[in-house]
Amino acid sequence: MPEAGLLIVGGGQAGATAAITLRQLGFTGGITILEATGAPPYERPPLSKDYMQGQRGFESFLIRPAAFWAQQQITLLTNARVAGLDAAARTVILQDGRVLSFTTLLWTAGGTPRRLTCPGAALDGVFTLHDREDADALIARLAFPRRVAVVGGGYIGLEMAAVLSKQGHHVTVLEAQERVLARVAGEALSRFMEAEHRAHGVDVRLGAQLAEITGAAGKVTGVCLANGERLVADLVVTGIGIVPQVAPLLAAGAMGGNGVDVDEFGATSLPGIYAAGDCARHRNRYAGNAWIRLESVQNATDQAIAAAHAIAGQPKPYTALPWFWSNQYDLRLQSAGLSLGHDMALVRGDMASRSFSILYLRENRLLALDCVNNARDYVGGKALIAVGTPLDLARAADPAVALKSLAAA
């Protein structure tokens, strides 16, 4: 078994990006990636979009061709799950008993889907969508029209609802809060997305607390809500967030809680041990320097690049603007910045046209924006957030005025 100079735990977006960046920076030391699944590094966001719709094959999601890793002298160990970490001895212990040593460790293990805990959660027909195996298992059950209850009205839940309804399935979205996208968007966008899904035949239930999943002969037959209402369902798909995979790090003494804490270079509180991606909690300038954990391709990529620079002895702090995206029906939603603490939400354009933007401001400065089928505002708005210039609200609300032009106003 090879001893790695650098051991990367997790072969997703962050782990793969870090390894690629290190080689680009001239790092010649040994690199080993431990991946818990049997697949080489691949993009996961398309699973709930193109892959579920059969529009693209799995090979197109690979971050690099399978042969790339060996060509770059990067050892890829698949089906390698970490059970423990000894920070002092510089070793990780795998579930199969193997012990691997390291000089430097980069933890990019991401998270695992948050599971339902209600009665019936273990019935056949309850699915999450986190990796290719999850997607394949669900696709195999969708050969003919089904009645599907989607638990969770966040990005994943709504993307799944859009795909399933387009395929002819009867879909009900169960959102525990009083609006969809409540954690990530303002009310105007929430109401717009609710109306869009209903217009496509999706039954969107708000304030819907799931009490039980009912079944017969071990298989799902329906769901029961806290108010006593029962709905027939053949399948239940959950999209209620992830639990960061950091238990071995915290047990080894790393600082953290909801994720492992890292500085602007990706360093944890344990010497020589770094982290990046969905599992890493950091102080973010766009959140008022608060500790946050972001679940996005952007964050995974940019944190991994910062960590790689630090490991290569070429420190470059993480300062990236957060951005997100989602495809639902013919809607392209692009978001930038973090709307935490905004005191005004300003709509640019006519929402009925299905091409508009919502600006989130504090003291007339742009904190974040959501753009629906409006790439021009998205590009201009990103620049405006970075500058932090107070805006003329009348001009900012006028869709005929380019957002980019307001940066110099």
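Our structure's up above, just so we're on the same page.
Computed from a predicted structure; not experimentally measured. Note on numbering: residues in each chain are counted from 1, in written sequence order. For this predicted model, a pLDDT threshold of at least 70 governs which residues receive local features, and a threshold of 80 or more governs which side-chain atom pairs are given and counted, while totals over whole chains, interfaces and linings are taken from all residues. Values reported for side chains reflect all heavy atoms of the structure, with hydrogen atoms and water molecules removed beforehand.

Looking at the layout of surface pockets
Part 1 of the argument: Using protein atoms alone on a 1 Å grid, points that fit a 1.4 Å probe yet trap it form a cavity, whereas open point sets bounded by protein on both sides within 12 Å along at least five of seven lines form a pocket; residues with an atom within 4 Å of a point count as lining. Grid points are joined across faces, edges and corners, and a volume is the space filled by probe spheres set on the points. The space that makes up the second largest pocket amounts to roughly 260 Å³.
Part 2 of the argument: Numbering of helices and strands runs from the N terminus; a helix is a DSSP stretch of H or I covering at least four residues, while a strand is a stretch of E covering at least two. Elements with a minimum of two residues in the lining of the second largest pocket: strand E26 (365–372) and helix H8 (375–387).
Part 3 of the argument: Residue composition of the lining of the second largest pocket, by class: 9 nonpolar, 2 polar and 4 charged. Throughout this entry, Asp, Glu, Lys and Arg are counted as charged residues, while Ala, Val, Leu, Ile, Met, Phe, Trp, Tyr, Cys and Pro are counted as nonpolar. The remaining residues, Gly among them, count as polar.

Some details on the pattern of salt bridges
Part 1 of the argument: Salt bridge criterion: a side-chain nitrogen from Lys or Arg within 4 Å of a carboxyl oxygen from Asp or Glu. Summed over the entire model, instances satisfying the criterion amount to 17 salt bridges.
Part 2 of the argument: For Asp96, the salt bridge goes to Arg98, with nearest N and O atoms at 2.8 Å.
Part 3 of the argument: Think of it in three bands: residues with accessible area under 20% of the maximum for their type are buried, residues over 50% are exposed, and the middle band is partly exposed, with areas taken using a 1.4 Å probe on protein chains only. Owing to a relative accessible area of 26%, Arg98 belongs among the partly exposed residues under this scheme.
Part 4 of the argument: Where Arg147 meets Asp234, a salt bridge forms, and the shortest distance between an N and an O atom there is 2.9 Å. Of this pair, Arg147 sits in strand E9 (residues 147–151) while Asp234 sits in the loop between strand E14 (230–232) and strand E15 (235–238); the two residues are 87 residues apart in sequence, bridging distant segments of the chain.
Part 5 of the argument: Note on Arg147: relative accessible area 39%, which makes it partly exposed.

Concerning the side chain of Ser335
Part 1 of the argument: Mapped onto the elements of the fold, Ser335 is located in strand E23 (residues 331–337).
Part 2 of the argument: A residue is classified by how much of its surface remains accessible, and Ser335, at 4% relative accessible area, is buried.
Part 3 of the argument: Pairs of N or O atoms are called polar contacts if they sit within 3.5 Å, as long as, within protein, a hydrogen donor faces a hydrogen acceptor (for residues adjacent in sequence, only side-chain-to-side-chain pairs). Within polar-contact distance, the side chain of Ser335 engages the side chain of Asp370 at 2.6 Å.
Part 4 of the argument: Here, residues are in contact when the closest pair of their heavy atoms is within 4.5 Å. What Ser335 contacts, discounting residues up to four positions off in sequence, is Tyr155, Pro322, Trp323, Phe324, Leu369, Asp370 and Tyr378.

Everything listed is a geometric property; what it means functionally is a separate question.
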